[in-house]
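# A look at the structure
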Amino acid sequence: MFSGAIHMMPGQEFRTFTVYRDGEHKTASGRVISNGAEPIGEIRAVLAAAKPEETLRWRQLEHPVSHKIIQQGTAAFEIKPGDSLMHGERRYIIQTAPYNPGGLNHWTIYYCDERSDI
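A brief structural summary. What you see is a predicted model, and the numbers here were worked out from it, not measured in a lab.

Within the protein, the secondary structure is distributed over one helix and six strands. The order of α-helices and β-strands along the protein, N terminus first, is β-β-α-β-β-β-β. Counting only residues that meet the buried cut, the protein has 31% of its 118 residues in that class. If you take every contact in the protein between residues at least 6 apart in sequence, the share linking residues at least 24 apart comes to 55%. Element-wise, carbon and sulfur atoms account for 52% of the exposed surface of the protein, whose accessible area totals about 7700 Å².

As structure tokens, then:
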């Protein structure tokens with residue numbers, strides 16, 4: 001894993017995000033119902049705004065993206081599209097599968113859309 005010093009400007013530090021997944025269970029008749037978002041773990045990552053060309057590319061693929069959340073290493077649990085990352089009162093919905101640049105597990109990038117209406 002990368003162990004060098006990372007110099008960041010104020011406001012760009014690592015933040016703790018709580019990961020939520022919509023919980024589902026089946027009734028006796030087999031109908032799937034949701035019982036709200038359940039926390040599945042926490043990650044430490046950096047929040048960054050998506051570049052305009054990234055926003056346009058993902059919008060064309062029907063996945064609106066407003067932010068990137070960049071984690072050093074990988075999560076100890078599986079994070080899927082549709083999961084929510086919460087930091088304070090801000091909620092980010094993961095739109096795509098986590099991206100592992102180079103396949104080396106040094107960094108993981110989550111393309112998210114910030115939502116305040118959920």
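Across three bridges, the pairing between strand β1 (residues 15–26) and strand β4 (residues 84–87) is antiparallel. Bridge pairing in β4 links T18 to M86. Taken together, the four bridges between β4 and strand β5 (residues 90–94) define a ladder with antiparallel strand orientation. Each residue of the ladder has a partner; that of S84, found in β5, is I93. Counting the residues that bridge the hairpin from β4 to β5 gives two residues, and of these G88 lies at a positive phi of roughly 65°.

This paragraph deals with unusual backbone geometry. A positive phi angle, close to 60°, is found at N105, a residue other than glycine. Considering the arrangement of structural elements, one finds N105 in the loop between β5 and β6 (107–115). By relative accessible area, N105 is classed as partly exposed at 42%.

Of note, V65 is situated in the loop between α1 (52–60) and β3 (67–72). For V65 and A49, which are 16 residues apart along the polypeptide, the C-alpha to C-alpha distance reads 9.2 Å.

Our focus in this paragraph is the sheet that holds β6. The strand order around the closed barrel built from six strands is β1-β2-β3-β6-β5-β4, with neighbouring strands paired in antiparallel fashion. Taking the axes of each pair of neighbouring strands and ignoring which way they run, one obtains an average angle of 40° across the sheet. When strand β2 (residues 32–49) meets β3, the two strands line up antiparallel, connected through five bridges. Residue pairing across strands places A45 opposite Q71, the latter belonging to β3.

What follows deals with the side chain of H67. With respect to the helices and strands, the residue H67 is situated in strand β3. In this structure the side chain of H67 is engaged in a polar contact, spanning 2.9 Å, whose partner is the side chain of S66. If we ignore the near neighbours within four places in the chain, the residues touching H67 are L47, A48, A49, A50, R90, Y92, Y110, Y111, C112 and E114.

What counts, and at which threshold
Residues numbered from 1 in each chain as written. Predicted model: local features only at pLDDT ≥ 70, side-chain atom pairs only at ≥ 80, totals over all residues. Heavy atoms only, no water. Helix = DSSP H or I, 4+ residues; strand = E, 2+ residues; numbered from the N terminus. Buried < 20%, exposed > 50% of the residue type's maximum accessible area, 1.4 Å probe, protein only. Contact = heavy atoms within 4.5 Å. Areas by Shrake-Rupley, 256 points an atom, 1.4 Å probe, with all protein chains shown as cover. Pairing = 2+ DSSP bridges. Axes fitted to C-alpha atoms, helices over the stretch in contact; angles between N-to-C directions. Polar contact = N/O pair within 3.5 Å; in protein donor to acceptor, adjacent residues only side chain to side chain.

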